[in-house]
Amino acid sequence: MAKNAVITGWGYYAPSRVMTNADLEKIVDTSDEWITSRTGIKERRIAAEGETTSSLAARAARAALDKARLRAQDLQLVIVGTASPDYLFPATACLVQSEIGATKAGAFDVEAACTSFISALAIARGMIVSGAIDNALVIGAETLSRLLNWKDRTTCVLFGDGAGAAIVEATNASVGIESTVLHGDGSKGELLMVPAGGSKLPASADTVERGMHFISMAGGEVFKLAVKSMADAAEEAIADAGLTLDDIDLMIPHQANIRIIDGVAKRLRFPSEKVFVNIQRYGNTSAASIPIAICEAEATGRLRQGDKVLLVAFGGGFTWGASVLEWYGAHDGIRPPSPLERAGRVLEDVVERVRPS
Ligand code: UT7
């Protein structure tokens, strides 16, 4: 049985269309000044016509597989965390599984709003450490632009589209995911929801007329609970990993609002220079925000091998959770090379030897 589950590949995809605060000023009664000062957001990405949550997810997944040097057909599980699936069913994970050719993998979605990526990571880790599987593709992907009421300035300025993915693999090395904690409070579900389109209020002319298929949010209430819940979950995950706050090299929080992120750091007395922030360029991409941030933190040298990393999120449901991991990075040494990789290396050696000096 494997001792640990470790991230060996990561990748993201953000749609090419950028919508700035200036663009929003032309649609609703808002201003760059209000959005920037209240949220930290300057721009967000919007999926093109024809792009869907599964197509964004598949692009992120391929990048993560490349990084891990793992073939899609060797995957054992695909989990997609999303609140904006292509369909109520089939699951977006099944669409991704088919799109990338993960022919031997199980596939299902996790719906825990902005906490979906950490929830999916917790499931993958649990199944790997229990010995049930050796690897999993964990994705957070959203096209929230499709669920926004573009006449509602209190929500449409906040969210964006994107996808991030991680390959999680079994290892006997002492690295990887050290703790995961998850919490929920369904009594507050109505404060952040899409009221219609499910079994309680099926789609009808009336629900469409009343705009009930859009995201509705009591922002202030959500804000207050987000700071405390994220800070509590962070402390719990750090303690579960047998660490203290001083051991954490980088915090990667869900990117919902810069004031929430600052509030969590302040409550924890955690130095802001150790907090990764990219909300200014993506807005709130819900389940995708943490995996996109992981990719950007790694690409910009903020995430190095051996770093202790804290992931922490809060979202609709309510749901909240955190995870502590030791970042490993490149897959070498974690998994024995596949026959194909081994053959490739032999070939590289031969070429090296015969090359004239
Ligand atoms: O992903 C996890 C779930 N989501 C979140 O974590 C989001 C949590 N909530 C928030 O981030 C913040 O509550 C918001 C950014 C949504 C709102 O910020 P706020 O400081 O709580 O503003 P507010 O809702 O108290 O509104 C203040 C004023 C209101 O005007 P009045 O009533 O004071 O005259 C709003 O109508 O700002 C107005 N307002 C806007 N003005 C310009 C609300 N949205 C806008 C807007 N542009 N886009």
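Residues numbered from 1 in each chain as written. Predicted model: local features only at pLDDT ≥ 70, side-chain atom pairs only at ≥ 80, totals over all residues. Heavy atoms only, no water.

Chemist: Would you mind going over the overall build of the protein with me for this structure?
Modeler: Along the protein, the regular secondary structure elements total twelve helices and 13 strands. Taken against the 2.2 N^0.38 rule, which gives 21 Å for 357 residues, the C-alpha radius of gyration of the protein at 20 Å falls within 12% of a compact globule. Judged by the C-alpha coordinates and their principal axes, the protein covers about 70 × 45 × 45 Å. Expressed as a percentage of the 357 residues in the protein, the buried residues total 52%. Working note: accessible area of the protein is about 15,700 Å², and carbon and sulfur atoms make up 53% of it. Mean positive and mean negative side-chain charge positions of the protein (36 and 43 charges, respectively) differ by 2 Å. (Helix = DSSP H or I, 4+ residues; strand = E, 2+ residues; numbered from the N terminus. Rg over C-alpha atoms; globule rule 2.2 N^0.38 Å. Buried < 20%, exposed > 50% of the residue type's maximum accessible area, 1.4 Å probe, protein only. Areas by Shrake-Rupley, 256 points an atom, 1.4 Å probe, with all protein chains shown as cover. Lys, Arg positive; Asp, Glu negative; His and termini not counted. Charge placed at Lys NZ, Arg CZ, Asp CG, Glu CD.)

Chemist: Would you mind showing me how to read the pairing of strand β1 (residues 4–13) here?
Modeler: Along any regular strand the residues' side chains alternate between the sheet's two faces. Of all ten residues in β1, nine are buried; the element is thus mostly enclosed. Pairing of β1 with strand β7 (residues 161–171) involves nine bridges; the strand directions are antiparallel. Across the sheet, residue N4 finds its bridge partner in β7, namely T171. (Pairing = 2+ DSSP bridges.)

Chemist: How do you make sense of the site of the ligand when you look at a structure like this?
Modeler: Every one of the 23 residues lining the ligand counts as a neighbour, but T30, R38, R153, N257 and N284 are closest to it. At a separation of 2.8 Å, an oxygen atom of the ligand approaches a polar side-chain atom of R38. Protein chains bury 71% of the 960 Å² of accessible surface belonging to the ligand in isolation. Only α2 (32–39), α6 (153–156), α8 (219–240) and α9 (258–268) provide two or more residues apiece to the shell around the ligand. With four residues, the top contributor of residues to the shell around the ligand is α8. When the residues that make up the shell around the ligand are grouped by side-chain class, the tally is eleven nonpolar, eight polar and four charged. (Near = heavy atom within 4 Å. Polar contact = N/O pair within 3.5 Å; in protein donor to acceptor, adjacent residues only side chain to side chain. Nonpolar A, V, L, I, M, F, W, Y, C, P; charged D, E, K, R; others polar.)

Chemist: What exactly am I supposed to notice about the packing of aromatic side chains here?
Modeler: For any pair of aromatic rings, the description consists of the separation of the ring centres together with the inter-plane angle of the planes. Considering all chains together, one arrives at three aromatic pairs under this definition. Cluster of aromatic residues (ring-pair linked, three or more members): F314, F318 and W320. (Phe/Tyr/Trp six-rings, centres within 6.5 Å; stacked < 30°, edge-to-face > 60°.)

Chemist: I'm lost on unusual backbone geometry in this one. Help?
Modeler: Residues apart from glycine generally show negative phi values, whereas peptide bonds are mostly found in trans. For the bond running from F89 to P90, omega is 5°, close enough to zero to count as cis. Relative to the helices and strands, P90 is located in the loop between β4 (77–81) and α4 (92–100). In this structure, A113 is a non-glycine residue whose phi angle is positive, near 45°. Tracing the backbone shows A113 in the loop between β5 (106–110) and α5 (116–129). Even without glycine at this site, R269 takes up a positive phi of about 55°.

Chemist: Can you help me understand the sheet that holds β4 in this one?
Modeler: Through backbone hydrogen bonds, the strands of a sheet pair up, either in parallel or in antiparallel fashion. Strand order in the open sheet formed by five strands is β1-β7-β6-β4-β5, and the pairing between neighbours is mixed. Whereas interior strands pair on both sides, the edge strands pair on one side only; in this sheet they are β1 and β5. The mean inter-strand angle of the sheet, taken between neighbouring strand axes irrespective of direction, is 20°. In the packing of α5 onto the sheet, the strands contacted are β1, β4, β5, β6 (135–143) and β7, and the crossing angle to β6 comes to about 170°. (Axes fitted to C-alpha atoms, helices over the stretch in contact; angles between N-to-C directions. Contact = heavy atoms within 4.5 Å.)

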